[in-house]
Amino acid sequence: MKLLFAASEAHPLIKTGGLGDVAGALPRALLEAGLDVKLVLPNYAGAAERLKGARAIAEFPVHGRAAPARLIEGRMPGSRLPVWLVDAPEFFAREGHPYVAPNGQDWPDNAQRFAWFARAVVELAQDRAGLGWRADLVHANDWQTGLVPALLSLEPDRPATLFTIHNLAYQGLFDAGMLHALDLPPEWWSMHALEFHGRLSFIKGGLVFADWLSTVSPTYAREITTPEFGCGLEGLLAARSDRLSGILNGVDYRVWNPARDPYLPAHYNRKSLEGKAACKAALQKEMGLPRKPDVPLFAHIGRLVEQKGVDLILECLSLFRRNRMQLVVLGSGDPALESALRAARAGFPRRIGIHIGYDEGLAHRIEAGADAFLMPSRFEPCGLNQLYSLRYATPPIVHRTGGLADTVVDADDVHIADRTATGFVFDEPTPAALRTAWRRALKLYRQPRLWRRIQKTGMRQDFSWQRSAGEYIALYRRLLALRSGV
Ligand code: ADP
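Quick caveat, the model's predicted, so the values are computed rather than measured. (Residues numbered from 1 in each chain as written. Predicted model: local features only at pLDDT ≥ 70, side-chain atom pairs only at ≥ 80, totals over all residues. Heavy atoms only, no water.)

Draft legend 1. Focus on the overall build of the protein chain. Regarding its fold elements, the protein chain presents 20 helices and 18 strands. Compactness check: the protein chain gives a C-alpha radius of gyration of 24 Å against a globular reference of 23 Å for 486 residues, within 12% of the reference. Here the C-alpha coordinates of the protein chain stretch approximately 70 × 45 × 45 Å along the principal axes. A total of 486 residues make up the protein chain; the buried ones form 58% of that total. For the protein chain, long-range pairs separated by at least 24 residues make up 70% of all intrachain contacts whose partners lie at least 6 apart in sequence. When the accessible area of the protein chain is evaluated, it comes to approximately 19,800 Å², of which 51% is carbon and sulfur surface. If you average the places of the 59 positive and of the 51 negative side-chain charges in the protein chain, the two averages end up 9 Å apart. (Helix = DSSP H or I, 4+ residues; strand = E, 2+ residues; numbered from the N terminus. Rg over C-alpha atoms; globule rule 2.2 N^0.38 Å. Buried < 20%, exposed > 50% of the residue type's maximum accessible area, 1.4 Å probe, protein only. Contact = heavy atoms within 4.5 Å. Areas by Shrake-Rupley, 256 points an atom, 1.4 Å probe, with all protein chains shown as cover. Lys, Arg positive; Asp, Glu negative; His and termini not counted. Charge placed at Lys NZ, Arg CZ, Asp CG, Glu CD.)

Draft legend 2. Main features of the sheet that holds strand β8 (residues 173–174). Pairing in this open sheet of three strands is antiparallel, and the strands run β8-β10-β9 from one edge to the other. Edge strands, defined here as strands with exactly one partner in the open sheet, are β8 and β9 (195–196). As judged from the two bridges shared by β9 and strand β10 (residues 199–201), these two strands associate in the antiparallel manner. When the sheet's bridge partners are listed, Glu195 is paired in β10 with Leu200. Across the sheet, helix α7 (residues 202–209) touches β8, β9 and β10, and the angle it forms with β10 is around 55°. (Pairing = 2+ DSSP bridges. Axes fitted to C-alpha atoms, helices over the stretch in contact; angles between N-to-C directions.)

Draft legend 3. Region of interest: the side chain of Arg113. For Arg113, the location among the structural elements is in helix α4 (residues 110–125). Asp109 is the oppositely charged side chain nearest to the buried, salt-bridge-free Arg113, at an N-O distance of 4.3 Å. Polar side-chain contacts of Arg113 include one of 2.7 Å to the backbone oxygen of Phe91. Not counting residues within four places of it along the chain, the set of residues in contact with Arg113 comprises Tyr44, Phe91, Phe92, Arg94, Pro98, Tyr99 and Trp107. (Salt bridge = Lys/Arg side-chain N within 4 Å of Asp/Glu carboxyl O. Polar contact = N/O pair within 3.5 Å; in protein donor to acceptor, adjacent residues only side chain to side chain.)

Draft legend 4. Main features of the packing of helix α10 (residues 274–286) against helix α14 (residues 360–369). Following both chains from N to C, one finds α10 and α14 inclined at 125°, their axes separated by 8 Å at the closest point. As summarised for this structure, α10 and α14 are arranged oblique, according to the angle between their axes. Relative to α14, α10 is oriented so that their crossing is left-handed. Touching Lys276, Cys279, Lys280, Leu283 and Glu286 of α10 are Leu362, Arg365, Ile366, Glu367, Ala368 and Gly369, all from α14. Considered class by class, the residues forming the contact of α10 with α14 number five nonpolar, one polar and five charged. (Parallel < 35°, antiparallel > 145°, perpendicular 65-115°, else oblique. Left-handed = near helix turned anticlockwise from the far one by under 90°. Nonpolar A, V, L, I, M, F, W, Y, C, P; charged D, E, K, R; others polar.)

Draft legend 5. Quick peek at the pattern of salt bridges. Counted under the stated rule, the structure contains 18 salt bridges. Notably, a salt bridge pairs Arg94 with Asp109, separated by 2.5 Å at the nearest N-O pair. Of this pair, Arg94 sits in the loop between α3 (89–92) and α4 while Asp109 sits in the loop between α3 and α4; the two residues are 15 residues apart in sequence, bridging distant segments of the chain. Here Arg94 and Asp109 have matching classes, each one buried.

Draft legend 6. Representation of helix α13 (residues 335–347) in the model. For α13, spanning 13 residues, the distance from its first C-alpha to its last is 18 Å, which sits close to the expected 18 Å at 1.5 Å a residue. Within α13, the full set of buried residues consists of Leu337, Glu338, Leu341 and Ala344. In a view along the axis of α13, the buried residues occupy a sector of 120°, so they form one face of it. Opposite the buried face of α13, by more than 90 degrees, sit the exposed residues Pro335 and Ala346. (Expected span 1.5 Å × (residues − 1). Arc of directions from axis to C-beta.)

Draft legend 7. Highlighting the sheet that holds strand β17 (residues 396–399). Pairing is parallel across the open sheet formed by six strands, whose spatial order is β15-β14-β13-β16-β17-β18. Each edge of the open sheet carries a strand with a single partner, namely β15 (352–356) and β18 (424–426). Pairs of neighbouring strands in the sheet enclose a mean axial angle of 20°, with direction left out of account. Pairing between strand β13 (residues 297–304) and strand β16 (residues 372–375): two bridges, direction parallel. Within β16, the residue paired with Phe298 across the bridge is Ala372.

Draft legend 8. Just the pairing of strand β5 (residues 82–87), in detail. The element β5 is extensively covered by neighbouring structure, given that six of its six residues are classed as buried. Here β5 shows a buried face lined by Pro82, Trp84 and Val86 and a second buried face lined by Val83, Leu85 and Asp87. Strand direction decides the pairing type here: strand β2 (residues 36–42) and β5, joined by four bridges, are parallel. Along β5, the bridge assignment pairs Val40 with Trp84. The turn linking strand β4 (residues 69–75) back onto β5 is made up of six residues, and Gly78 within it adopts a positive phi angle of 75°.

Draft legend 9. Fine view of the domain arrangement of the protein chain. The domain architecture assigned to the protein chain consists of domain 1 (2–250 + 466–484) and domain 2 (274–462). The straight-line distance from the C-alpha centre of domain 1 to that of domain 2 is 35 Å. Domain 1 puts 13 residues into the contact, and the matching count from domain 2 is 13 residues. Considering only the surface of domain 1 that becomes buried against domain 2, Thr219, Tyr220 and Leu248 emerge as the three largest contributors, covering 33% of it. Counting across the domain 1 and domain 2 interface gives zero salt bridges. Linking domain 1 to domain 2 there are six residue pairs in polar contact (both at pLDDT 80 or more). The element that contributes the greatest number of residues to the side of domain 1 that touches domain 2 is helix α8 (residues 218–223), accounting for four residues. In terms of residue class, the side of domain 1 that touches domain 2 is made up of five nonpolar, five polar and three charged. (Domains from an automatic or database assignment. Buried area = accessible area lost by both parts, 1.4 Å probe.)

Draft legend 10. Up close: the site of the ligand. Around the ligand there are 15 residues in total, and Arg303, Lys308, Gly357, Asp359 and Leu384 lie nearest to it. Between Gly357 and the ligand, the recorded distance is 2.7 Å, taken from a backbone N or O atom to a nitrogen atom. In the complex, 87% of the free accessible area of the ligand, which totals 560 Å², lies under the protein chains. Of all elements in the fold, only β13, β14 (326–333) and α15 (385–391) reach the threshold of two or more residues within the shell around the ligand. Top element by residues in the shell around the ligand is β13. It accounts for three residues. When grouped by side-chain class, the residues that make up the shell around the ligand number seven nonpolar, five polar and three charged. (Near = heavy atom within 4 Å.)

Shown next, in the form of structure tokens:
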């Protein structure tokens, strides 16, 4: 199966969020599973320099720019994955963020940049760059590649198409006149195609025209068909729900493994959790908290934005009055939330430790050193931190939404009895519901035998990319069968 995986970012070449993680890891797992995969990205400043063995292999015309596209091929650092970088210096060779200019506004030519990239992807998929490689299937991701399935739908003989939603809140909306400026078919100016409330929507190119849709967890796949989570696209998504799948993202257990993690002061595994106590002591010291082995240490890591619900955590500080407990928070984002966290620390200086900023190593040490992890996200397409927490024997306390609902099993009586519990799940994103779940965790923490069992059950869970890749391959096969039946 020849698969062209199209994205606007991929770790470690370029990353702004979860899409970068997925586009870096999933194609690699698919390659290891035997697929003939090419990952295609724009050639951002510095990207080609990071590729192994990068060389120009083709030039081909792409509508929307006088000069031809240049294609650079190389391998992803640390893997055999072939990467194609489509080069158009005036569009992509800019320093800084791929989507946002230094003034904080989107790049003013984002529509032209990503429309042109989509056209280049179509040329490659259809083997019009003279490479002797024609895609059976094109997997496009988020609004930046939304026009790929739309443009491919115009081809008489085309590959199957899958479009994955990583974040429905970002839709690639542009002024109405852009449809004409980009020379897109006038009939696409319709609510049944790319129009969205008087604007041109790139994400609708994927949502309307792809053979199949997916998102990054089964629960989020259902949620986005409802007004609460659908960002105005719930009608369209509900209408296509028979062709909408949810496949969980994976974890790179080469990087997130408490038995080998180079960021940790001590190591541990499912058979012996002893090293975790040393990680806890070191974390307490690093965060300026008293070194108390028996006091439960809770943690939160994340972007400080409304979505992640750190304000709900701050509403629960009354718990500190009655319970011996500690809390550490690592994050950055909304200045109001940052100062609220600083105020919380000032209120409980010996119980709360905070670090404002982005710190990869500290994130690992928190996952290992904490006793339990708080993730009260209001919505969460998949979520990664709860998955790391499971592997690090740090039971997560989560709101029952999106990927959190799909990956954490609540320690209620039934799941404790059948030994499937891995954390604590609450139903409403409210301080009261979080407080109740938090109290349940405090209570169970005092029952070491049960707590240990929950930790070990969590550690056993497999959220590897191999597993996700298997699900994508099954879906790809289904799509190809569907297409050949057309
Ligand atoms: P999202 O993609 O919505 O930010 P996820 O849970 O899917 O949320 O992934 C967030 C990733 O970013 C995780 O790997 C998490 O550890 C990391 N992260 C978030 N904030 C920080 C931070 N301040 N320092 C270090 N890592 C962070």
